[in-house]
Amino acid sequence: MPRFAGRLGALAGRLLLPVTLVGLVAGLVATAAGNDELAWWCWTVPSALVGARLAVSIVRDLLHGEAGVDVIAVLAIGGALLFGESLAAAVIGVMLATGDWLERFAEGRAHRELSALISRAPRIVHRHEAGGLVDRPIEDVAVGDRIAVKTGEVVPVDGVVHGVTAVLDESALTGESRLATKPEGEPVDSGTVNAGAPFDLVASATAERSTYAGIVRLVEEAQSSKAPFVRLADRYALLFVPLTLLLAGIAWLASGDPVRALAVLVVATPCPLLLAAPIAIVAGISRSAKRGIIVKGGGALEAIARARVLLFDKTGTLTAGRPHLADVVTAPGRTAAEVLRVAASLEQLSPHVLASSIVAGAHEREVAISLPEDVEEIPGVGVRGRVDGREVLVGTGGFATGGAPLPAWARDVRRRVHIEGATGVYVAASGELLGVLVLDDPIRPETPRVIRSLRRAGVRRIVMVTGDHAGVADMVGAAIGVDAVLAERSPAEKVDAVAEERADAHGILVMVGDGLNDAPALASADVGVAMGARGATASSEAADLVIAVDRLDRLPEAIRIAARSRSIAVQSVVVGMGLSIVAMLVAMTGVLPPVAGALIQEAIDVLVIVNALRALGGGLERPLVVPGWAEIGPRLAAEHRELAPSIAELRALADALGGLPGPVARTRLEAIRSFLVDTLVPHEEHEDREVFPLLARAVGNDDVTAALHRTHTEIFHLVRFLDRLVGDIPEEGPGPEDLTDLRRALYGLDAIIRLHMAQEEELYVALGDGHETPAVALPHAA
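Residues numbered from 1 in each chain as written. Predicted model: local features only at pLDDT ≥ 70, side-chain atom pairs only at ≥ 80, totals over all residues. Heavy atoms only, no water.

Visitor: What is the right way to read the packing of aromatic side chains from this model?
Guide: The relative placement of two aromatic rings is captured by the distance of their centres and the angle of their planes. Inspection of every chain in the model, using the stated rule, returns two aromatic pairs. Judged by centre distance (5.0 Å) and plane angle (85 degrees), the ring pair of W40 and W41 falls under edge-to-face. Note on F83 and W252: the rings are 6.1 Å apart at their centroids and 90 degrees apart in plane angle, and the pair reads as edge-to-face. Here the residue F83 occupies a position in the loop between α3 (70-82) and α4 (86-110), and W252 occupies one in helix α8 (residues 228-255), the gap between them amounting to 169 residues. (Phe/Tyr/Trp six-rings, centres within 6.5 Å; stacked < 30°, edge-to-face > 60°. Helix = DSSP H or I, 4+ residues; strand = E, 2+ residues; numbered from the N terminus.)

Structure follows, in structure tokens:
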């Protein structure tokens, strides 16, 4: 019964506007025909229906302990009918019905993205069972089930692509319009749409614990809360009732004309307080959801709009949070391809967290791997097995050497790895140590740009707080440009750091993190932001905002969207209520008759609601758009990935040069020269001729690429210098007198090429905001 009553009420609300409009027009026609009695009925009945509906609404609110301001509208209609102003009553009825329709439209528009996220949630899955495909409720899915996802369907649960390559539209989660290709074995988040052929998915989580279900829970929570500013507006709206009655009474007493009091009641509108403020706030929440930012209510949106101090966790927030194969250091006489092939072949059957990174590194470098035999995992130590008939050990240094001391070159690697905060994986075959794989957690390529963007958004202080040791933390902090680094902090000490920073903060303090250990600090901050979190994780439950996509640049977007929404809400209230009060004062003088007052009141309502809807757009920094970058960007990123292993050889050769036999040193130097002259220089020259002019034209200024041109010039100079040095080396190899200049050239090239690649990567990722370019992580510098 309550559901039926609700539907009946909604139907009555939708019929109000056509009924009042027909009544108004019919009354005007009747008046023109000289039938005043018919006109009176045409105007009185619809307006009385509107008044009666509002009166019922007032009683219902009072029974629920809520006071409303609709009493002004009821008094306006009742007064108009009482004083014989039936046309004014009809116009007021039309205006109120129009306002009701406009409110429903505006709220629906503001909630659109949030409602779309909820309505898309799948409820049925196609599960492979013994008898073939069977439709089951999504709640029946268990981890390991194989699910068929048909073309155009929403992926129902998190899982892994099985059998084929999937093409997915991730725009509902990320706000990006590009399609994503997921080969077999790649993880897929629920909520994305299959934009290609049907494919199978092996579930890695139940529906309740999947990404999309978590996002839906957060969205439902966001829709049910009110912002502090909106609650304040509600309280001010209640004060508006006695103010209106006071002004109407003064107008009546001063003039002796009750019609003036009626005009004041008619023109009075609390719409800027009751509608404009919540619509602007909800529009901001909805717009954030479209960008993959789930804001848990208007309070969080208002708070982050005033963010002045930001605390960042490091791992997974400012860095990628996933191990990446940065370098392959080989024993004398061994090659990187050989070491990586042996290690990746064995690791492909290991469940260790580093194993997938090693195998992925082999695939990136196009190193062929083979199937291992007799694989045995020793937890916490390493893995052993046979690869191509050889016994292979991959793991810690002591495990790989069988407890024997590390050779000098390996000790150098161990020291370097410790200084850089990376991880060294030692590889041995047939009792011989072949090399060391260096894995690190690279800084996100967009992080420095995001830090600058946050400062432009009004953030005054940025602090990195991490559990890593001080040496690593300081290097990362210096690289990205934070104001302070707090290292070696436990979860409890991160909470203390939040309290310390809040004591000195003149504004809202925001904590950004991604892991379970960040949850206490997220909860203790003024605003907690969970970075790339799944809906069921502790960090997302403790956070006020959840960035549901793995993009750090969504954080400054969230601040800008929030600031714009709050600004528009305040603007709508101040301007709207100011206009309303001015109109009431004018009505007190008798200048405004009730009919004109009703039209002005409606104009104010429309003005503030349309203004509030501006929160659905604008306010973000526009990325630079370069024609054709959707094709150019990925190609340049692929070229950089191909160059990375050879660039790493520059420093490796410089380090090893003094201990290599003369002919071996000469061979490796000639290989490096060939790479530089035949591959790297043509790549940079192509950028000079083809890519940089595109950037300059897009910006409208050649100076934007001046620094990159200058770096190219220095690279070309060092390449020519090394080319001459290598050309002068005799057959027996470089002599002691040659080593200083050779090392200087190699180290110089290594440093400047790394710097140049980092500059280009940051620029290309920034351009990729419109069409994203995969980032390339170069090996660490020593």
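Visitor: Sorry if this is basic, but what is going on with the environment of E129 here?
Guide: Looking at the element boundaries, E129 is found in strand β1 (residues 124-129). Judged by its relative accessible area of 28%, E129 is partly exposed. Linking E129 and D145, residues 16 residues apart in sequence, is a C-alpha distance of 8.9 Å. Among the polar contacts listed, one links the side chain of E129 to the side chain of R127, at a separation of 2.9 Å. Looking at E129, its side chain comes within polar contact range of the side chain of R136, at 2.9 Å. (Buried < 20%, exposed > 50% of the residue type's maximum accessible area, 1.4 Å probe, protein only. Polar contact = N/O pair within 3.5 Å; in protein donor to acceptor, adjacent residues only side chain to side chain.)

Visitor: Any chance you could explain the nonpolar core here in plain terms?
Guide: Within soluble globular proteins, side chains that are nonpolar tend to cluster in buried spots. Core analysis: the biggest nonpolar cluster contains 51 residues, and I304, F312, L454, V510, V529, L545 and L555 have the highest contact counts within it. For I304, the contacting residues outside a window of four places in its chain are V510, V527, V529, L545, L555, A558, I559 and A562. Residues V264, V573, M584 and L592 belong to the second largest nonpolar core, which totals 43 residues. (Core = buried A, V, L, I, M, F, W, Y, C linked by side-chain atoms within 4.5 Å. Contact = heavy atoms within 4.5 Å.)

Visitor: Help me out: how do you make sense of the pattern of salt bridges in this one?
Guide: Overall, the coordinates contain 29 salt bridges when judged by the stated rule. Linking D200 and R146 is a salt bridge whose minimum nitrogen-to-oxygen distance equals 2.5 Å. On the criterion of sequence distance, the pair formed by D200 in strand β9 (residues 199-203) and R146 in strand β3 (residues 146-149) is long-range, its members being 54 residues apart. A residue is classified by how much of its surface remains accessible, and D200, at 15% relative accessible area, is buried. Ionic pairing is found between D388 and R341, a salt bridge with its closest N-O pair at 2.6 Å. Of the two residues, D388 sits in the loop between β14 (382-387) and β15 (390-395) while R341 sits in helix α13 (residues 336-347), which places them 47 residues apart along the sequence. Here R341 falls in the partly exposed class, since its relative accessible area comes to 24%. Residues joined in a network through salt bridges with shared partners are R291, R551, D553, R554 and E557. (Salt bridge = Lys/Arg side-chain N within 4 Å of Asp/Glu carboxyl O.)

Visitor: Where do I start with the sheet that holds strand β7 (residues 187-188) in this structure?
Guide: Either a parallel or an antiparallel arrangement is found when strands of a sheet pair, and the pairing is made through backbone hydrogen bonds. Strand order in the open sheet made by the six strands is β2-β1-β3-β9-β4-β7, with antiparallel pairing throughout. The open sheet is flanked by β2 (132-137) and β7, the only strands paired with a single partner. Bridging between strand β4 (residues 159-162) and β9 involves four bridges; their strand directions are antiparallel. Bridge pairing links H162 to D200 in β9. (Pairing = 2+ DSSP bridges.)

Visitor: Would you mind showing me how to read the packing of helix α17 (residues 447-456) against helix α22 (residues 554-588) here?
Guide: Remark: α17 packs on α22, axes separated minimally by 9 Å, with the N-to-C direction vectors making an angle of 15 degrees. The orientation of α17 with respect to α22, classified from their angle, is roughly parallel. Crossing angle aside, the handedness with which α17 passes α22 is left-handed. Where α17 abuts α22, its residues V450, S453, L454 and R456 lie against L555, P556, I559 and R560. For the contact of α17 with α22, the per-class residue count stands at five nonpolar, one polar and two charged. (Axes fitted to C-alpha atoms, helices over the stretch in contact; angles between N-to-C directions. Parallel < 35°, antiparallel > 145°, perpendicular 65-115°, else oblique. Left-handed = near helix turned anticlockwise from the far one by under 90°. Nonpolar A, V, L, I, M, F, W, Y, C, P; charged D, E, K, R; others polar.)

Visitor: I keep staring at α17 and nothing clicks. Help me out?
Guide: Within an α-helix, residues lying three or four positions from one another point in the same direction, as the helix has 3.6 residues per turn. Within α17, seven of the ten residues are buried, which leaves the element mostly enclosed by the surrounding structure. Residues of α17 that are buried: T447, P448, R449, V450, I451, S453 and L454. G458 sits one or two positions beyond α17 and adopts a positive phi of about 110 degrees.

Visitor: Help me understand the packing of helix α9 (residues 258-267) against helix α23 (residues 594-612) in this model?
Guide: Between two packed helices, both the angle of their axes relative to each other and the distance between the axes serve to describe the pair. Where α9 contacts α23, the two axes come as close as 8 Å, and the packing angle between them is 15 degrees. What the angle tells us is that α9 and α23 run roughly parallel. Between α9 and α23 lies a crossing whose hand is right-handed. Two secondary-structure elements touch here, α9 through V259, L262, A263, V266 and V267 and α23 through P594, G597, A598, I600 and Q601. The residue inventory of the contact of α9 with α23, partitioned by class, reads eight nonpolar, two polar and no charged.

Visitor: Would you mind going over the environment of I559 with me for this structure?
Guide: Its place among the elements puts I559 in helix α22. Its relative accessible area of 1% is what places I559 among the buried residues. Ignoring anything within four residues of it in the chain, the contact list for I559 reads I304, A305, A307, L454, A457 and V459.

Visitor: How should I be thinking about the pairing of β4 in this particular structure?
Guide: Successive side chains on a regular strand alternate, one facing one side of the sheet and the next facing the other. Judged from the two bridges that link them, β4 and β7 form a sheet pairing that is antiparallel. In the sheet register, G159 faces β7, and the bridge partner there is V188.

Visitor: Teacher, can you tell me more about the side chain of D750 here?
Guide: Mapped onto the elements, D750 comes out in helix α27 (residues 736-767). Contact partners of D750, with chain neighbours within four places excluded, come to I647, L650 and R651.

Visitor: Whenever I open this one, unusual backbone geometry confuses me. Can you help?
Guide: The phi angle of most residues is negative, glycine excepted, and most peptide bonds adopt the trans form. We note that E366 has phi near 55 degrees; this positive angle belongs to a residue other than glycine. Structurally, E366 is set in the loop between α14 (355-364) and β13 (373-378). According to the relative accessible area criterion, E366 is exposed, its value standing at 72%. Look at S430: it is not a glycine, yet its phi comes out positive at around 55 degrees. Examined against the element boundaries, S430 turns out to sit in the loop between β16 (423-429) and β17 (432-440). In this structure S430 comes out as exposed when scored by relative accessible area, which is 52%.

Visitor: How should I be thinking about the environment of V392 in this particular structure?
Guide: Structurally, the position occupied by V392 is in strand β15. We classify V392 as buried; its relative accessible area is 1%. Ignoring any residue separated from it by four or fewer positions in sequence, one finds V392 in contact with V342, L346, V383, R384, G385, V387, A428 and A429.

Visitor: Looking at this model, I keep getting lost on a negative patch on the surface. Mind explaining?
Guide: Together, E493, D496, E500 and D504 give the surface a local cluster of negative charge. Here E500 is to be found in helix α19 (residues 491-504). The class of E500 is partly exposed, set by a relative accessible area of 47%. (Patch = residues over 30% accessible without salt bridge, like charges linked within 9 Å, V, L, I, M, F, W, Y side chains within 5 Å. Areas by Shrake-Rupley, 256 points an atom, 1.4 Å probe, with all protein chains shown as cover. Lys, Arg positive; Asp, Glu negative; His and termini not counted. Charge placed at Lys NZ, Arg CZ, Asp CG, Glu CD.)

Visitor: How should I be thinking about the confidence of the model for the protein in this particular structure?
Guide: Predicted coordinates in areas of low pLDDT are best not read in detail. Predicted confidence across the protein gives a mean pLDDT of 81, with 85% of residues reaching 70 or more. Contacts for the low-pLDDT stretch residues 1-9, under 50 throughout, to residues beyond four places or in other chains number one contact. Confidence over residues 770-782 falls short of pLDDT 50; this stretch has 47 contacts with residues more than four positions distant or in other chains. (pLDDT = per-residue confidence, 0-100.)

Visitor: Looking at this structure, I do not really get helix α25 (residues 662-699). What am I missing?
Guide: Roughly 40 degrees is the biggest bend found in α25, and it falls at D688. G700 occupies a position one or two residues after α25 and carries a positive phi of about 85 degrees. (Bend = angle between axes of the 7 residues up to and from the residue.)

Visitor: Mind showing me how you'd approach the sheet that holds strand β12 (residues 324-330) here?
Guide: Spatially, β12-β17-β16-β15-β14-β13 is the arrangement adopted by the six strands of the open sheet, whose pairing is antiparallel. Each edge of the open sheet is held by one strand with a lone partner, namely β12 and β13. Each strand of the sheet is rotated relative to its neighbour by a mean of 20 degrees, with strand direction disregarded. Where β12 meets β17, six bridges bridge the pair, whose relative direction is antiparallel. Bridge pairing in β17 places L325 opposite L439. With respect to the sheet, α13 is in contact with β12, β13, β14, β15, β16 and β17, its orientation differing from that of β14 by roughly 105 degrees.

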